[in-house]
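So the chains spell out like this:
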Amino acid sequence: MKKLSIELHAELEIPDDWELVEHSSGIFVLKVGERYVDFDIAPLATTSAAPDATWSDEDEQFTEEILDMVTGLDSEMEISYLQ
């Protein structure tokens, strides 16, 4: 068995009323109105080698198979204000 490491970095420009809060589950999440938002990985797949292939996670069984291989996942969020 091999180990694959993936590092993702994303930046979003968000409205001023969105905020980071600690959810009752103990994790920090983005609060958007009445919703709590966390970010996770979602594997997308296609059977096409075409440059304009459609990628999706619609095959739930395959998606679960991939996600079952995840042995660790960390996420960190920080809000900074644009100048």
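Refer to the structure above for everything that follows.
Let me begin by describing the structure that accompanies this report. Quick caveat, the model's predicted, so the values are computed rather than measured. (Residues numbered from 1 in each chain as written. Predicted model: local features only at pLDDT ≥ 70, side-chain atom pairs only at ≥ 80, totals over all residues. Heavy atoms only, no water.)

Brief notes about a negative patch on the surface
A grouping of Asp 57, Glu 58, Asp 59, Glu 60, Glu 64, Glu 65 and Asp 68 is seen on the molecular surface, where their side chains present a negatively charged patch. You can see Glu 58 is positioned in the loop between β3 (35-37) and α1 (60-67). Its relative accessible area of 68% is what places Glu 58 among the exposed residues. (Patch = residues over 30% accessible without salt bridge, like charges linked within 9 Å, V, L, I, M, F, W, Y side chains within 5 Å. Areas by Shrake-Rupley, 256 points an atom, 1.4 Å probe, with all protein chains shown as cover. Salt bridge = Lys/Arg side-chain N within 4 Å of Asp/Glu carboxyl O. Lys, Arg positive; Asp, Glu negative; His and termini not counted. Charge placed at Lys NZ, Arg CZ, Asp CG, Glu CD. Helix = DSSP H or I, 4+ residues; strand = E, 2+ residues; numbered from the N terminus. Buried < 20%, exposed > 50% of the residue type's maximum accessible area, 1.4 Å probe, protein only.)

Considerations on the sheet that holds strand β1 (residues 19-22)
Overall, antiparallel pairing links the 3 strands, which are arranged β1-β2-β3 in an open sheet. The two strands at the open ends of the sheet, each matched to only one other strand, are β1 and β3. On average, each strand axis in the sheet is tilted by 45° relative to the strand beside it, whichever way the strands run. Taken together, the 4 bridges between β1 and strand β2 (residues 28-32) define a ladder with antiparallel strand orientation. Within β2, the residue paired with Val 21 across the bridge is Val 29. (Pairing = 2+ DSSP bridges. Axes fitted to C-alpha atoms, helices over the stretch in contact; angles between N-to-C directions.)

A few points about the side chain of Lys 31
Tracing the backbone through its elements, the reader meets Lys 31 in strand β2. Although Lys 31 is buried, it forms no salt bridge, and the closest oppositely charged side chain is Glu 34 at an N-O distance of 4.4 Å. One polar contact links the side chain of Lys 31 to the main-chain carbonyl oxygen of Gly 33, over a distance of 2.7 Å. (Polar contact = N/O pair within 3.5 Å; in protein donor to acceptor, adjacent residues only side chain to side chain.)

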